[in-house]
Structure formats: structure tokens, C-alpha cells
Amino acid sequence: MELEPADDIGKLSADACEVLLRIAAEHAASPCTADSAERLRPEFLCRAEQLLALEELLHTGMLELRQKVWGERLYQIPQQQYPLILRSFWTGCPQVRVEGAVRVEHAACSELAGELFQGLLFIAQEGLPLTSKGVIHKKQLGRLAGKLSIPGEYLTLLESSAGHQSYPLPVTLIIDLLSVLGLITRDNSGYGVDRPMLQRWLALTAQEMTDTLCTLVISRYGAPLPEEQHFRHLFSAAEFKTDEWFAVEPVLSWMRQNGLAGEQPVPGAAGTGSDSGLKQASLAWIRLLAAFGWCELGYSAEGAECFRWKARKPQLTGHSLGITPQHQEGAEEADSNPETASSSPSIASHSQAILDSAAEAQDTVLSPQRPVAAEAACSPLPQASASASPGFIVQPDFEVLVPPEVAYTVRWTLAGCAELLHHEDLWSFRLTRERLEAAADQGFAPGEVISWLNAHAAGGLPEQVILALRQWARAIGRTELAEVLLLSCAGEQEGEIIAAHPRLQDIVTRIGPLHFIVRPEAAGQLRKELAAAGLAPSLRAGDLNGAAGQQRLFELSGLDEPALRYELPAAAGERGLLGKGPSPKLLPLDRGGPPMLELPGEEAVPQMWFNQWRQYHVTTAQKVMEQALSWGIKVRLSYGGKAADFIPERISGRPWKVRGILLLPGTETAEETELAAEDWQEIQLLHPLKHRNSSSAEAGGYVMIR
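Worth saying up front: this structure is predicted, and the values here are computed from it rather than measured. (Residues numbered from 1 in each chain as written. Predicted model: local features only at pLDDT ≥ 70, side-chain atom pairs only at ≥ 80, totals over all residues. Heavy atoms only, no water.)

Peer 1: Describe helix α7 (residues 138-147), naming the residues involved and giving the relevant values.
Peer 2: All of the buried residues in α7 are Gln-140, Leu-141 and Leu-144. Down the axis of α7, the sector holding all buried residues measures 105 degrees, keeping them to one side. Exposed and oriented more than 90 degrees from the buried face of α7 are Lys-138, Lys-139 and Gly-146. Those residues of α7 hidden inside the fold are in contact with α6 (112-126), β5 (128-129) and α9 (169-180). (Buried < 20%, exposed > 50% of the residue type's maximum accessible area, 1.4 Å probe, protein only. Helix = DSSP H or I, 4+ residues; strand = E, 2+ residues; numbered from the N terminus. Arc of directions from axis to C-beta. Contact = heavy atoms within 4.5 Å.)

Spelled out as C-alpha cells, the structure:
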């Protein structure tokens with residue numbers, strides 16, 4: 001294995017690199033106990049040098065120090081550093097393309113960002129109340145499940161994490177993600193949308209949402225087994241291009257060859273033991289990402305498993321995926337171009353074709369030869385303004401098509417006044433009377449809604465859509481139902497109609513030409529009768545059912561520009577339905593100075609033991625070796641006529657013997673041996689801080705001889 005360190009890794013000492021490599025291979029980004037770190041100590045390092053290497057890794061941020069409740073300390077590679085470490089130490093993961101026809105076993109579903117949008121929209125519009133036992137009402141649970149399109153069979157990887165949860169897996173997943181992202185909060189009554197976090201989230205591009213979600217998904221939903229962590233990050237490497245099929249087995253085979261597959265299978269029995277488990281876990285992971293719309297799982301003509309990343313593959317930052325700066329520049333340039341940052345070329349061209357056909361249809365409808373209705377002519381709508389976000393497309397049949405490049409802030413506002421039909425590559429909404437009334441209930445005048453739609457529609461609204469919206473608008477807002485259940489009329493004509501209505505005599509009491517008092521228990525019946533009579537009342541925002549304390553989640557001007565950029569909330573891993581509980585406490589570190597090492601009682605030890613290379617009496621030589629063992633440091637001694645470094649590991653008496661690791665000069669071999677005091681002549685203690693960059697410390701290629 002060749003070491004090709006990235007910039008941050010390349011600044012580490014050879015000792016620190018070797019320690020980090022072994023911890024990464026054995027534990028990935030999972031916690032590592034002090035005993036495990038000692039077990040992984042390189043043969044050519046003494047205990048003190050190992051501690052210095054660990055201190056260096058802590059100071060450079062390559063390791064974190066955590067502490068359990070009972071005081072046990074743990075080393076852990078930070079999640080954001082682990083991919084960089086993996087790709088710096090292990091290069092050459094094969095990308096074997098699959099030629100010929102591929103049978104797609106698990107196709108990519110709609111993208112996860114769209115599923116979250118659907119979940120957010122449902123909670124914002126209909127709520128997600130809890131029972132007295134703290135679980136979601138079955139009726140709302142079923143309705144939310146019906147809105148989601150993630151197949152439950154794709155989510156088998158989450159079954160063990162769901163545990164006691166009785167919710168459908170797609171619902172559990174969406175609520176968990178929304179909670180971890182901080183987009184919804186829970187109180188005693190139910191779940192609600194967090195408006196400030198919603199603003200920041202919707203301000204992200206679709207690619208930024210995908211990247212954020214992928215980082216979260218990798219660390220949250222995969223098993224903590226190191227070999228599975230290795231696969232998840234190797235599989236996400238930038239070298240696996242989009243829309244190309246790659247074989248799974250070569251990646252697993254390469255992991256086995258490089259010691260990244262856990263327990264090694266018995267030769268000649270490939271696919272057994274933990275290796276078989278790793279393969280099954282890898283396929284389950286690919287199925288999970290297919291559920292999120294990011295990749296697909298298939299089989300070649302020979303029956304070999306293969307995968308394909310879709311157009312909007314997560315493009316994690318170089319810091320979190322280990323991509324070199326030159327790779328980042330290309331990704332950033334692509335992100336800055338709205339055309340390349342959107343979905344696949346086929347989707348973009350399909351959207352453009354729809355846009356062109358829609359423009360042709362509107363040219364026919366609004367041609368000069370066809371007079372526009374007098375009402376429309378008297379109240380001209382504002383022309384569509386050029387904006388950073390491309391417009392959506394309103395069809396004459398009231399369907400609204402939203403190309404992939406339309407900003408999520410625009411989609412959210414559109415969802416406040418139109419019905420979301422589906423959220424795949426080309427999103428689709430429908431303008432309806434009910435959604436226009438719902439917007440009025442939020443406090444938006446129908447005229448404002450129509451103007452906003454026209455301003456954000458590519459080419460404006462078709463004439464028949466404008467006329468229908470205005471027709472619907474005339475039946476909205478002519479009456480207003482306030483919190484005190486006071487029914488108000490726009491004019492005396494409406495008041496006379498209501499007063500003469502036969503089915504309203506026992507429901508309302510007239511208190512003036514334009515006002516009626518309504519029986520609270522009959523408010524629902526009143527609304528139905530008024531709507532049937534063409535007098536559907538608007539609900540003044542904040543005037544009914546305690547709405548005054550509710551936040552307005554839809555704005556025609558778009559949600560306010562967030563003052564802060566979106567970031568995952570603190571303790572995100574402890575939130576949600578699939579949380580693994582709190583992580584061990586992260587201990588603060590003083591990164592100000594270089595790593596320090598204390599040798600207890602150093603001042604009482606003769607300095608000549610450090611400073612002089614000399615021969616001692618047998619008794620003194622034994623004391624020098626015993627002191628080295630006590631401190632966990634090396635000695636330099638003469639062996640076979642040559643100077644060699646020796647790491648004492650254990651001393652026995654009667655007769656006196658020391659067992660340890662002999663680093664043979666010029667051979668790059670570390671030999672486990674046992675010595676008596678008579679087996680060497682000169683001896684000298686090696687202070688780890690003073691000899692850290694010696695040739696023995698830099699020799700990371702020692703081979704152990706036992």
C-alpha cells in the first residue's frame with residue numbers, strides 16, 4: 001500500500017501517520033479505547049512515542065478525545081475528517097464499468113429533498129398532532145404515509161434502528177430527518193414547523209440540500225461496523241461518475257486486499273463469513289440510497305451486482321470526502337452555473353420543450369386578434385419579472401410544471417396556493433379553487449395571489465387561467481368570519497341574501513346591515529351554505545381556533561432572506577426517532593502548543609543515562625532497562641557489534657531477562673527477542689521528545705519477525 005497523503009495528512013509526522021492509519025483501518029470513525037489504541041501500536045514505536053503521536057493527532061484535529069460517563073476516555077476520528085483520511089491512505093479503489101445490458105433491480109425513487117418538502121408541506125398545512133400517549137394520531141399518520149412515495153422495501157436497512165417504532169418506515173424516516181435537520185420541533189401537542197430553520201433550508205440550492213442530506217445519511221443510518229463505513233465512503237468517491245454502471249464486487253475485493261473488510265475470509269471460500277455480511281450490507285446501503293433518488297442497483301448479464309449514480313449525485317466538499325482542491329474547483333464552477341447545477345440534460349431539455357410549447361400555446365390564446373376580457377384589460381397584471389430563479393410553467397389546464405432549476409423558496413410559496421401533485425424530476429402542481437381559498441385563509445387577498453402567480457410564471461398566466469382565478473376570487477373575501485364568530489358582509493346585497501336564506505335562520509342573528517352573530521357550534525355548516533351560495537367566507541388570519549399565535553409559513557413575497565446560512569443544529573444526532581442516544585462527551589483540548597510528554601521522576605534519574613552512550617555494570621545496566629520499561633521508552637544498545645534500538649516490553653527475574661522488540665539497523669525488521677544484561681555492552685536511554693525524528697521513528701516500513 002502506498003501512502004499518498006493529502007495536504008493536511010502530509011503535515012503529520014511519520015509516527016502520527018502510522019498510528020492514524022491503523023486506527024482508521026480498525027475503527028473507521030467509531031470510538032477507539034485506549035487499550036485498543038495500545039493493541040494497534042506500531043512495532044517500531046514505544047508507548048511514549050505512541051502517546052506523542054496520539055497527542056499530535058489530537059492537536060491537529062485528526063482525532064477527538066471523548067469521555068464516557070464513568071470516566072473512560074476514547075479516541076475517535078471526526079466524521080468530517082474520516083473520508084479525507086480514508087482517501088489519503090488508501091488509493092486505487094477500482095472503478096470497473098459494466099458493459100452491456102443491465103437489469104435494474106431497484107430503480108431510483110424521487111429525490112429525498114422532495115420527500116422532505118412533501119412532509120414539511122403536510123405538517124404545515126394539516127399538522128401532526130400527538131395522542132395522550134405521545135404517538136401520532138393514526139388518521140394523520142396514514143394520510144402522511146399516503147403523501148410519500150418512498151417504497152418501504154427499500155428501507156430494510158433501517159428496520160433495526162426503528163426498533164419499537166410502530167410507524168411505517170417511510171414516515172419514520174421523514175420525521176426523523178426533519179427533526180434532525182431542525183425543520184420541525186415537537187411539543188406535548190404535536191410536531192410543528194420551525195420557521196427560521198425553514199427559511200434557511202429553503203434558501204439552499206437543490207444540490208446543497210442533497211449534499212447536506214448525504215453527509216447526514218452516511219453518518220446516521222449506516223451500521224457502525226468499520227468495514228461498512230469504509231464501503232460507504234469509498235462507494236461515494238468522485239471517481240464513480242454519474243449515469244455509468246459500476247461493478248460492486250471489485251470494490252469489495254479491493255477492500256479485502258487492503259485489510260478494510262474486517263475478518264478475512266478463508267482462502268478458497270470467498271463470500272463466506274463477515275465478507276458475505278459485508279456484501280449484503282453494501283447492497284442494502286445501495287438500496288437505501290436508491291430510495292433517496294441518488295443511485296440505482298442492478299445486475300449485469302452475468303448476474304453480477306452493479307450500481308449507478310444518478311444525475312444529482314451528492315457532491316460532498318473536499319474536506320468531508322477527501323477530494324483534492326483541484327477537484328473542488330471544478331465542482332464549484334459547475335455549481336455556480338444554473339444550467340450545469342440542475343438535473344440531467346434530458347430533464348433540462350424536457351423542461352425547455354414544455355416551456356416552448358407553453359409559450360406557443362399562450363401566443364395563440366393571447367394573440368392581438370383575440371380581445372382580452374374587459375375586466376382583465378381594466379386590471380392589467382404585472383409582467384413576469386426577470387429573477388435569479390427561472391419561472392414555473394402554467395398550462396391552460398391549470399397544471400403548473402416546475403422545472404428542476406426553480407428555487408425551493410418559489411416552490412414553497414407556490415405550495416401555499418396550489419396543490420402539489422407529484423415531486424419527481426419535473427414537479428407538478430394544480431391551481432384549484434380550494435387552494436385559492438386556503439391562501440385567503442392565510443390572509444392573502446386572491447388578487448395578490450393571482451399577481452404573484454403571473455409574475456413568477458414563465459410567459460405569464462394563460463388567459464383562461466386568469467379568468468378562472470378571477471371568477472373564483474369573486475366568491476372569496478365577500479364575507480369574513482372573525483374569531484368572535486361575527487359574520488361580516490362586503491355590502492348590503494350580501495347581507496340581504498344571507499338574511500333571506502331559509503337554512504340560515506337558526507344559525508345567524510342579524511345585528512346590522514352587514515353583520516351577523518353566528519352560533520359557534522354551527523360555524524362549519526354556515527361555511528358550507530355560504531360557499532354553496534357563492535358567498536364563501538374568508539377567514540381572517542389569526543382569528544379562529546387560536547390562529548393568532550401561529551406563524552405564517554407561506555409568504556407571497558417569498559420567505560425573508562435568512563440572516564444565517566443553514567447549519568445542522570447542535571446535538572443533531574440525539575434528535576429524531578432513529579437517534580442512537582447521546583455520544584460520549586467531547587473533551588476540550590488546548591491546541592496552543594506542541595505535544596508534551598512527562599516522564600515521572602525524570603529529575604531523579606542520572607542524566608548520563610540519557611546523555612552518554614556507555615557500558616555499565618550489569619546491575620546498573622539492568623536498572624537502565626527497568627527505567628525504560630517503566631516510562632515506556634526506547635533504549636539504544638550495542639547488539640552484535642552494531643547499535644540498535646530496543647523497546648522493552650516485559651522483565652522477568654531469576655535469571656534476569658528482558659523481552660521486547662529489537663529494531664535491527666539497516667534491515668527494516670522488528671524482531672521480538674529476549675535479552676540478558678550480558679547480551680549488550682553500551683546502552684543509552686532515548687528521550688522520546690529529543691529523538692522523535694530519528695531514523696528509527698521515521699522508518700514506518702518495519703516488518704515484524706516473531
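Next comes the rest of the description.
Peer 1: Which residues make up unusual backbone geometry, and what values go with them?
Peer 2: The step from Arg-654 to Pro-655 runs through a cis peptide bond, and the omega angle for that step is -5 degrees. Tracing the chain through its elements places Pro-655 in the loop between β23 (642-652) and β24 (657-664). A positive phi angle, near 55 degrees, is found at Ala-28, a position not held by glycine.

Peer 1: Quick one: what's the story with the sheet that holds strand β4 (residues 102-106), residue by residue and with numbers?
Peer 2: Adjacent strands of a sheet form backbone hydrogen bonds with each other and so pair up, either parallel or antiparallel. As summarised here, the arrangement of the four strands in space is β4-β9-β10-β8, forming an open sheet in which the pairing is antiparallel. Every interior strand has two partners, whereas the edge strands, β4 and β8 (245-247), have only one. Taking each pair of neighbouring strands and ignoring which way they run, the sheet shows an average axis angle of 40 degrees. (Pairing = 2+ DSSP bridges. Axes fitted to C-alpha atoms, helices over the stretch in contact; angles between N-to-C directions.)

Peer 1: Any chance you could break down the pattern of salt bridges for me, citing the residues and the numbers?
Peer 2: Within this structure, the stated rule accounts for 24 salt bridges. Note that Arg-220 and Asp-176 form a salt bridge whose closest N and O atoms lie 2.8 Å from each other. Here the residue Arg-220 occupies a position in helix α11 (residues 206-221), and Asp-176 occupies one in helix α9, the gap between them amounting to 44 residues. Of the residues examined, Arg-220 reaches a relative accessible area of 7% and is grouped as buried. Judged by its relative accessible area of 0%, Asp-176 falls in the buried class. Residue Arg-519 pairs with Glu-521 through a salt bridge whose shortest N-O separation is 3.0 Å. Connected through shared salt-bridge partners, Glu-249, Arg-256, Lys-279 and Glu-305 make up one network. (Salt bridge = Lys/Arg side-chain N within 4 Å of Asp/Glu carboxyl O.)

So far we have only geometry, and geometry alone does not tell us how the molecule works.
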